[in-house]
Amino acid sequence: LVAAPGLAFWPCIGEVPTVRARLGFSPRIITRYLHQMVCASLHAPPDIITWHYYPGLSDRSKLAMYRPALRAAAVVCLLALTALTALATPANAALSTQTMAILYSSAALICAFAALVSAVVRPVSLTSLRTVANLDTVRRWASQVVDTVQQYPEGRRPSIWLGETGSAQVGGQPGVCGRWAATLWWLDQLGCLALHGHRVQCRQTLAGSDYGMIDPATLEAKPDFWASVLWKRLMGSEVLQVEAPTAPQTLRLYCHRGKQYRTFLALNLGDESVELQLDSPAQVWTLDAPALDAPFVTVNGVQPVALPDGTIPELLGQYNEQPVVPPGAALFVQLPL
């Protein structure tokens, strides 16, 4: 299988420009590389179109690390320029015109760079990962990728994979990734991109750093792992559209159909419980945690653990005629066809 091009998309700017450097030539910045690649390969499409996405940058990134300092420096520059302007009167010629021009230019560059970093870099926190506007960002870029792939002839269109993703770029955000808040984001992105025709999402990573799904030191599974297990077991391969016009915006609903069941995934990002109205009793798996920063998850009130030999437990559902989605919780609801 041939997969390409593995472009990075940032939440605030979309496709990150590509820098092309060749010996003897000046570096060249290429924008809309995915569009150009698709147009150049219409006669011989790859098997898979891949792209990478993270909902934000961790503090390990230099850009994210220095973002607050740059904003503070910009404020200091503006205050200093205000003071200097007040001193630079005809009666006070202590500051030459050339000196003032240098100071103004330097301050303008610092302010411009600070504004650029603030606009481009999205930090990750426990609350940002359950914000509706932040979760919806991936829909925008996924739609753009899907529209671009539609240029291939019907019948020869590649599958679309999210080739790399995690709850925060550059190793994950300490204290956020590997916690329950990140699992809410992960479940929502699984449902969202499946709805946008993505066949596979490659998770960064199974074990290692903060965004790993298994603690490399203890080999204990983190909340994302158990959520992924239930997603794989319960959600069928056929993706269905869900319409719930009276549901609150903070209730995210997805549905897949398998051979014998259809399964709903309900995510409650709000602060109040939401009751689901069903036509018949269903099997329910409630995923919850006592706090957004909890490093564990409960399934129907019980914290899942692997068996001594490493086997994943069965994780049985509970029958319920009117399941309720608690605030900050997720429900898998399985109904027979």
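Everything below is about the structure shown above.
All chains use their own residue numbering, which begins from 1 and follows the written sequence. For this predicted model, a pLDDT threshold of at least 70 governs which residues receive local features, and a threshold of 80 or more governs which side-chain atom pairs are given and counted, while totals over whole chains, interfaces and linings are taken from all residues. Each side-chain value is worked out from all heavy atoms of the structure, with water and hydrogens disregarded.

Undergrad: Could you clarify how one ought to interpret the overall build of the protein chain in this entry?
TA: Counting its regular elements, the protein chain contains six helices and 16 strands. For the protein chain, the spread of C-alpha atoms along the three principal axes comes to 85 × 55 × 45 Å. Across the 337 residues in the protein chain, those meeting the buried criterion constitute 43%. Look at the contacts in the protein chain between residues 6 or more apart in sequence, and 73% of them connect residues 24 or more apart. In this description, accessible areas are obtained by the Shrake-Rupley approach with a 1.4 Å probe, and a residue is regarded as covered only by the protein chains that are shown. Within the structure as shown, the protein chain displays about 17600 Å² of accessible surface, and the carbon and sulfur contribution to it stands at 57%. A gap of 12 Å separates the mean positions of the 24 positive and 23 negative side-chain charges of the protein chain. Strands here are runs of E lasting at least two residues and helices are runs of H or I lasting at least four, both read from the DSSP assignment and numbered beginning at the N terminus. Three exposure classes are used, based on accessible area relative to the maximum for each residue type with a 1.4 Å probe and protein chains only: buried under 20%, partly exposed in between, and exposed over 50%. The contact criterion used is simple: two residues touch if any of their non-hydrogen atoms lie within 4.5 Å. Charged-residue counts in this description rest on Lys and Arg as positive and Asp and Glu as negative, His and the chain ends being excluded. By convention, the point assigned to a charge is CZ for Arg, NZ for Lys, CD for Glu and CG for Asp.

Undergrad: Help me out: how do you make sense of the sheet that holds strand β6 (residues 159-165) in this one?
TA: Adjacent strands of a sheet form backbone hydrogen bonds with each other and so pair up, either parallel or antiparallel. If DSSP finds at least two bridges between two strands, the strands pair. The five strands are arranged β2-β1-β5-β6-β7 in an open sheet whose pairing can be described as mixed. If you trace the sheet from one side to the other, it starts and ends with β2 (14-15) and β7 (198-203), each paired once. Direction of pairing for strand β1 (residues 3-10) relative to strand β5 (residues 48-53): parallel, over a ladder of six bridges. In the strand pairing of β5, Phe9 is matched with Tyr53.

Undergrad: Even after reading the chapter, I still don't get the environment of Arg140, so can you show me in this structure?
TA: Turning to its location among the elements, Arg140 is positioned in helix α4 (residues 132-149). When the C-alpha positions of Arg140 and Pro11 are compared, they lie 9.2 Å apart, and in sequence the two are 129 residues distant.

Undergrad: I would appreciate a short explanation of the packing of helix α5 (residues 180-195) against helix α6 (residues 223-234) in the present structure.
TA: Each pair of packed helices can be described by the angle between their axes along with the distance between the axes. The interhelical angle for the contact between α5 and α6, taken along N-to-C directions, is 30 degrees, at an axis separation of 9 Å. In terms of their interaxial angle, α5 and α6 are classed as roughly parallel. In the packing of α5 onto α6, the handedness of the crossing is right-handed. Counting all contacts with α5, which are made through Trp180, Ala182, Thr183, Trp186, Leu187, Leu190 and Gly191, the residues of α6 involved are Pro223, Asp224, Ala227, Ser228 and Trp231. Charged residues are taken to be Asp, Glu, Lys and Arg, nonpolar residues to be Ala, Val, Leu, Ile, Met, Phe, Trp, Tyr, Cys and Pro, and polar residues to be all remaining types, Gly included. For the contact of α5 with α6, the per-class residue count stands at eight nonpolar, three polar and one charged. Axis angles are defined between N-to-C directions and span 0 to 180 degrees, where every axis is a line fitted to C-alpha atoms and, for a helix, only to the segment in contact. Any angle that is under 35 degrees is reported as roughly parallel, and any over 145 degrees as roughly antiparallel; angles of 65 to 115 degrees are reported as roughly perpendicular and all others as oblique. Two helices that cross are described as forming a left-handed crossing if the nearer one is turned anticlockwise from the farther one by less than a right angle, and a right-handed crossing if clockwise.

Undergrad: Sorry if this is basic, but what is going on with the packing of aromatic side chains here?
TA: By convention here, two paired aromatic rings are described through the distance between centres and the angle between planes. To pair, rings of Phe, Tyr and Trp, with the six-membered ring standing in for Trp, must have centres within 6.5 Å; the planes then decide the type, stacked if under 30 degrees apart, edge-to-face if over 60, and tilted in the middle. With the rule as written, the count across this model stands at six aromatic pairs. Pairing Tyr54 with Tyr211 gives two aromatic rings, centres 6.4 Å apart and planes at 25 degrees, and the pair type is stacked. Here Tyr211 lies in the loop between β7 and α6 and Tyr54 lies in the loop between β5 and α2 (62-87), a separation of 157 residues in the sequence. Judged by relative accessible area, which is 4%, Tyr54 ranks as buried. Judged by relative accessible area, which is 10%, Tyr211 ranks as buried.

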